[in-house]
Amino acid sequence: MCKACKGKFYMTTAIAYTSGKPHIGNTYEIVLADAIARYKRQEGYDVYFQTGTDEHGQKIELKAQAAGITPKAYVDNVAGEVKKIWDLMNTSYDNFVRTTDADHEAQVQKIFKKLYEQGDIYKGYYEGLYCTPCESFFTESQLVDGKCPDCGGEVQPAKEEAYFFKMSKYADRLIEHINTHPEFIQPVARKNEMMNNFLLPGLQDLCVSRTSFTWGIPVDFDPKHVVYVWLDALTNYITKIGYDADGDSSELFQKNWPADLHLIGKDIIRFHTIYWPIFLMALDLPLPKQVFGHPWLLQGEGKMSKSKGNVLYADELVEMFGVDAVRYFVLHEMPFDNDGIISWELMVERMNSDLANTLGNLVNRTISMSNKYFGGVVTNANAAEPVDDQLKEVVTGARDRINAKMSELRVADAITEVFTLFKRCNKYIDETMPWALAKDEEKKDRLSTVLYNLVESIGIGANLLAPFMPETTEKILTMLNDRTREFEELAAFGLRENGIRVTDQPEILFERLKLDEVMQRVKELPDAGKDDGESVEGDDADAAAGEEAVIDIEPKAEITFEEFGKMQFQVGEILACEEVKKSKKLLCSQVKVGSQVKQIVSGIRKYYSAEEMVGKKVMVLVNLKPAKLAGVLSEGMLLCAEDADGNLALVVPEKEMPAGAEIC
């Protein structure tokens, strides 16, 4: 089948900021993108997959100064580290971009000048509040509790001469595009956030140059200015496939633009769905077909931060579990639109249950029985029974079920479908009991058919596993002496020829691990190099002290058991959540408690986004007298814990409990 029969598919990741070594939360994005790219290739698309590094800005200039080296030397080192990890994770990108590449810098200067000459960029000066980590200016009204609305960090007053882009000129056109292209921003919650919080209230002109630092691309007609980070970084998606602002764009650009998918973290969705489309409109270029803002991979219940001691790195995880096990975990554990959780304990659990038992043991048993009973020769003797049809139905239907999930970028659900196939194979072994069939010579043909069905099912499953765990697929197909199948063949059963021999020495795909031994190895991991990891949010200095934190609070008056008994606590499930428009602190949640749905307003917006609340099981004070907060009715209270710094965390049940369960 011709590789390009289904057309082109151009996809990108966000380019990694070169301020430090990427942790596993950063690495998740490249693995997710690789799984999508490999799947699209398997479908028959001509894929061009681009990733890379974002290397300019004040933050990097300051880090380089602190390190006593030039900014270029600093980013060379970090970009090399990023590429090393991307390669370690077996990602199949076609182009690794660096924004310090000469061709990119030259085109950024051309783009800036073009936009200036056509009147979309003008010179003025900026006076506002600046967040250095986010490299963004904000007005007082945009702050949340006086801090950066994106990262929660401190902001500083700043005033400087700058060039500005006329964002409002294109706002109505962008709103119309979003309304008429519902697939443009995914998941839908991200679209609602952009429309309600930024576009509909009105866009301010965007600062696109700086004079307070020098590490950036100079504005060639006004060299005391450097191009501001987002105009520099975002344009890599076109410059590095050959866009030319003078009209002499390459064949690669003509073939691949517009992008079919920009895959990014939810924290930078605004830049990709507002700034970037407007830049493209000004350049008279079509907009990307889809921007997907994926959730975060959290360590425990919180974002990764080096001073919290909860940063995990891909190379450490790979050393412990192997590349494909890490790929499986990060892909499997990330919901479509809610944050996922990673920990050493969860990794060990998945390694043992899903990989070593469900998959590894299945392959090993099947090959071992084929060798024991038939010298490794696999033959369909056509001694069929009804249970075979049940197996075949699951196996032949898996491709289309996976395709439906992947078409919506529900990658975790897709990989679950692959393992549903493997679980059905294990059930088939229990149903047919090959060891019992082997005791009866008259049932030899039935035994042969059973083992053929198993080998054929595993071969199809291994092919379907390829986008997610490519090395494992290769190992399984080699042991089965099977082949890589075309996409159309993956819904067909019985394509394996009779008489092909499996390997006589099956490889252990995944070793079972003991948690205590893994945790001992974790304790022995070197602390050196942890400072290379970049915090996703502000570092907590007290968390590094090594002692368990305790808090004493002012005691309240004692109450009787009868008084306590008047309070009704139940488990609630958050069905929907949105920000309260009249408040910077409040979220309004629709909470299912038993058969009822209560509306509860909580002052936790600083600690949880509306979208990450959805799906959580929480502790609810159900019989609190209703009250209005910022004009919105609240019919209960979500219980939270608060630390010494005022940080809040929802109280959640330790184990899975149904909505409505009484807390007593």
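Figured I'd write up the structure that's included with this text. Please read these numbers as outputs of a predicted model, since none were measured by experiment. (Residues numbered from 1 in each chain as written. Predicted model: local features only at pLDDT ≥ 70, side-chain atom pairs only at ≥ 80, totals over all residues. Heavy atoms only, no water.)

Comments concerning the overall build of the protein chain
What counts is decided by this rule: Under the DSSP-based scheme used, a helix requires at least four consecutive residues in state H or I and a strand at least two consecutive residues in state E, with every element numbered from the N terminus. Our radius of gyration looks at C-alpha atoms and nothing else; its globule reference is 2.2 Å times the residue count to the power 0.38. Areas reported as accessible are Shrake-Rupley estimates using a 1.4 Å probe. Residue values count occlusion only from the protein chains shown. Asp and Glu count as negative and Lys and Arg as positive, but His and the ends of the chain are not part of the count. Each charge is placed at NZ for Lys, CZ for Arg, CG for Asp and CD for Glu.
Scanning the protein chain for helices and strands turns up 21 helices and 27 strands. Since a compact globule built from 664 residues should have a radius of gyration of about 26 Å, the 28 Å found for the protein chain is in line with a globular shape. Principal-axis analysis of the C-alpha atoms places the extent of the protein chain at approximately 90 × 80 × 50 Å. Total accessible area on the protein chain stands at roughly 29900 Å², and carbon and sulfur atoms take up 49% of it. Distance between charge centroids for the protein chain: 3 Å, based on 75 positive and 105 negative side chains.

A closer look at the sheet that holds strand β9 (residues 206-207)
What counts here: By this definition, two strands are paired if DSSP reports at least two bridges between them.
Sheet architecture is open: four strands sit in the order β6-β5-β7-β9, paired in antiparallel fashion. Here the strands that pair on one side only, and so sit at the sheet edges, are β6 (136-138) and β9.

Focus: unusual backbone geometry
Selection rule: Exposure is judged per residue with a 1.4 Å probe applied to protein chains only, and the accessible area is read against the type maximum: over 50% gives exposed, under 20% gives buried, and values in between give partly exposed.
Residues Gln-186 and Pro-187 are joined by a peptide bond in cis, for which omega reads -10°. The backbone phi angle of Asp-145 is positive, close to 55°, even though this residue is not glycine. The exposure class of Asp-145 is partly exposed, given its relative accessible area of 37%. Despite not being glycine, Leu-409 shows a phi value in the positive range, around 60°. As for its placement among the helices and strands, Leu-409 is situated in the loop between α14 (386-407) and α15 (411-432).

Description of the state of the cysteines
Formally: We call a pair of cysteine sulfur atoms a disulfide when they lie within 2.5 Å.
With the rule as written, the count across this model stands at zero disulfides. No disulfide involves Cys-151; its sulfur sits 3.7 Å from that of Cys-131, the nearest cysteine. Classification of Cys-151 as partly exposed rests on a relative accessible area of 22%. You can see Cys-640 has no disulfide; the closest cysteine sulfur is in Cys-577, sitting 12 Å from it. For Cys-640, a relative accessible area of 31% corresponds to the partly exposed category.

Focus: the packing of aromatic side chains
Using the following cut-off: In this analysis, rings of Phe, Tyr and Trp, with Trp reduced to its six-membered ring, are considered paired at centre separations within 6.5 Å, and the interplanar angle assigns stacked below 30 degrees, edge-to-face beyond 60, and tilted for intermediate values.
Per the counting criterion, the structure on display carries 23 aromatic pairs. With a centroid separation of 5.8 Å and 20° between ring planes, the pair formed by Tyr-122 and Phe-164 is classed as stacked. Taken together, the residues span a long stretch of sequence, with Tyr-122 in strand β5 (residues 121-131) and Phe-164 in strand β7 (residues 156-165) at a distance of 42 residues. Given a relative accessible area of 6%, Phe-164 falls into the buried group. Centroid distance Phe-165 to Phe-279: 5.3 Å. Interplanar angle 70°. Geometry classified as edge-to-face. Taken together, the residues Phe-165 in strand β7 and Phe-279 in helix α10 (residues 269-282) connect sequence positions 114 residues apart. You'll find Phe-165 and Phe-279 in the same group, each marked buried. An aromatic cluster is defined as three or more aromatic residues linked by ring pairs; in this entry it consists of Tyr-10, Tyr-48, Tyr-237, Tyr-243, Phe-253, Trp-257 and Trp-276.

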